[in-house]
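# Working through the structure, step by step
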Amino acid sequence: MEAASVQDSEHLGRAPDFDGFFRSEYRRVVALASVLCGRTGVAEELAQDAFVSAYRHWDRISRYDDPGAWVRRVVVNLATSALRRRSREVRALARLARRRPPEPAALGVDDDFWQAVRDLSRRQAQCVALRYLEDRTDDEIAEVLGIAPATVRVHLHAARSALAARLAETLDEEEPS
Amino acid sequence: MSIDQRARRAAESVRDNLDAIVIPEPGAVMQRARRRRGIGVAATALVVVAAVATFVFVRDDATPPPKIQVTGPSVPPGSSVGAWATITKASSGIGSGSSLQALSSDGSTLLLAGERPGNGEFVVMMWWSTDGAHWTEADHPTEHDSVTAIGSHDGTAIAIGAPGGPNAFVWTSHDGGRTWQETARGAVFGASVPNNRPGAAVSGVSWHDGWWIAYGGAADGYEGIWISRDAAKWTLALDSHSSGSIDGVVETTGGSLMAYGVGATASQSTLEIGWFTNDPTEWGASVPIETPGRYYLGSVTAGAELAIGTDIDTHGTATPLLRSTDGGRTWHEDASFSAAFPTAWAWTAETTAGLDVVAGTTTKSEGPKAWLQTAAGAPWTTGPPEDAPPSLPATSIPFIPPKGSLDLVAAAGNRVVFMGRAAELDRYYVFDAATNGSN
């Protein structure tokens, strides 16, 4: 861990633009993590992890054209991989589910849709969340995920086909972004 | 409605609820990051409760054993590998309605932790058994959170309950699990649990060369390895937060220790990571562990020669068997297992009673299943041979296979015990490995 990168809280005073960035982006990053991991509380934790990472490297990240894209790349990777699909996590969830009222699954009312998204492959789910929740273009999604725009289009097409079949909806071609 | 329209409406409903998300103070978030680094200091500030008990190995010979109810067909006598039996919880001493959380053995005595509902809350239960068929309730402190890990070595056993930062507890037994005393309580494994992160629990504990080694989700929501000489004072030996998870710690055939988990970013090159050491106090930096495809190590046996491969992208898919011949650094798929059991969905792997054991269910949800092998390349034996697998009552608990799964495996002598965690599963299974030299 980079001990020198997270200093005393006074350090925040020397990076006021980080505060503004955090406040303006936090809710949308939590929402993105929430639809991908399915649990709002966990999503808040993941989003905070992503912002802590951004803060550690803020001198560099603040010079990016879109620091928010960097944070989103971190959070979608966290939300779709290391946390939710580990066997041990599943066991812990089963144990906890017995003990407490179920946490709201995710923000929003159509959880069948988001559950179907979470059942997609990792990349497909990320692309769908960034397209619809964030309303991002193919190029923007490609930048966030660090993949080619053509690859994004392939993932989105496959994802829409899979979702339409799973949710018994019709498949139509989305307007080009 | 088209899928595109539905997606846009679903997204709009999420955006409409953004105001419900409370924005924390940025300083508080950074403060938490700093606090994680201080876990090692906090873990040493323990209240130590004296826990010295005379080693008394109590045989319960005076009490006639209850008649256990064995159901289902057994493997016919003469099986070259062994025989199965099915035992109901109600008749074994465990009791119906108990969920089970941890199972351990020192080779002769089995220790079991679970929970039983009572008076509107859950009560931790501890049992011990020398035959896997008759279980006796142990004498232990009253507790309403979960014991999530048990370890035993040479007559001493410890049980760890770490479901929340300030509420962790450690119990110790010096009489083979008959009586337990509290040896640590409080922020033993960390200070706080932001947002009740579900993985925050110590998931395993083992003994190695004079050290108790506990691992899993730290009580502040991240991953760690803690070590202790006496089960009272625990020190954080590895904080994996910047690297990834710690899903297990095993001793390799070479006698060193291997910790393994999923990389924090889980890219192809860092999907599985590990730490290798001969000194539990020093773990160093993580190194990539090579696994085939998109599989991470779901469970690794002692010796680090056999593991379950679990797909990082999809929960509930078939799990190939992986083998390693270099102490766990690289893994390859055992194609014969995948070919023979293409729907195997394994949850745990153990090497015990002279057998390689894999347990879980199938992707077709055919109920509890186990696969056993005497050695790599030998024929597989499957079980339990029930005509009608159990049908669990409807449950709202996510992820639980509807007809149950096997997740806890341990052996006493040549008897291997297979259990599932779900309270709704009313039975468990034992397999008596043959001792006729066929093993």
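Residues numbered from 1 in each chain as written. Chains lettered and ligands numbered in written order. Predicted model: local features only at pLDDT ≥ 70, side-chain atom pairs only at ≥ 80, totals over all residues. Heavy atoms only, no water.

### A closer look at the sheet that holds strand 19 (residues 287-289) of chain B
All names here are of chain B.
- Strand order in the open sheet made by the four strands is 16-17-18-19, with antiparallel pairing throughout. Lying at the two open borders of the sheet, with one neighbouring strand each, are strand 16 (248-251) and strand 19. Sheet twist, expressed as the average angle between the axes of neighbouring strands with direction ignored, equals 35 degrees.
- Relative to strand 19, strand 18 (residues 272-277) runs antiparallel, the two sharing three bridges. Each residue of the ladder has a partner; that of Glu-272, found in strand 19, is Ile-289. (Pairing = 2+ DSSP bridges. Helix = DSSP H or I, 4+ residues; strand = E, 2+ residues; numbered from the N terminus. Axes fitted to C-alpha atoms, helices over the stretch in contact; angles between N-to-C directions.)

### Thoughts on the environment of Ala318(B)
Residue and element names in this part refer to chain B.
- Looking at the element boundaries, Ala-318 is found in the loop between strand 21 (306-311) and strand 22 (321-323).
- Considering only alpha carbons, one finds Ala-318 and Ser-338, 20 residues apart in sequence, at a separation of 8.5 Å.
- Other than its neighbours up to four places away in sequence, Ala-318 contacts Tyr-295, Pro-342, Thr-343, Ala-344 and Thr-363. (Contact = heavy atoms within 4.5 Å.)

### Some thoughts on the side chain of Gln373(B)
Residue and element names in this part refer to chain B.
- Here Gln-373 shows up in strand 26 (residues 369-373).
- Within the structure, the side chain of Gln-373 is placed 2.7 Å from the side chain of Arg-323, a separation counted as a polar contact.
- A distance of 3.4 Å separates a polar side-chain atom of Gln-373 from the backbone oxygen of Ala-375. (Polar contact = N/O pair within 3.5 Å; in protein donor to acceptor, adjacent residues only side chain to side chain.)

### Focus: the pattern of salt bridges
- Tallied over the full model, the rule gives 21 salt bridges over all chains.
- Measuring nitrogen to oxygen at the nearest pair gives 2.8 Å for the salt bridge that ties Glu25(A) to Arg72(A). On the criterion of sequence distance, the pair formed by Glu25(A) in helix 1 (residues 16-37) and Arg72(A) in helix 4 (residues 67-82) is long-range, its members being 47 residues apart. Across this residue pair, the class does not change: Glu25(A) and Arg72(A) are buried.
- Where Arg323(B) meets Asp356(B), a salt bridge forms, and the shortest distance between an N and an O atom there is 3.9 Å. Here Arg323(B) is found in strand 22, whereas its partner Asp356(B) is found in strand 25 (residues 355-362), with 33 residues between them in sequence.
- Within this structure, Glu25(A), Arg28(A), Asp66(A), Arg72(A), Glu134(A) and Arg136(A) form a network of salt bridges that share partners. (Salt bridge = Lys/Arg side-chain N within 4 Å of Asp/Glu carboxyl O. Buried < 20%, exposed > 50% of the residue type's maximum accessible area, 1.4 Å probe, protein only.)

### Overview of the side chain of Asp175(B)
Residues and elements named next belong to chain B.
- Looking at where Asp-175 falls in the secondary structure, it is placed in the loop between strand 10 (168-173) and strand 11 (181-186).
- One buried charged residue, Asp-175, remains without a salt bridge, the closest side chain of opposite sign being Arg-178 at 6.0 Å.
- Polar contacts involving the side chain of Asp-175 include one to the side chain of Ser-173, which spans 2.8 Å. (Lys, Arg positive; Asp, Glu negative; His and termini not counted.)

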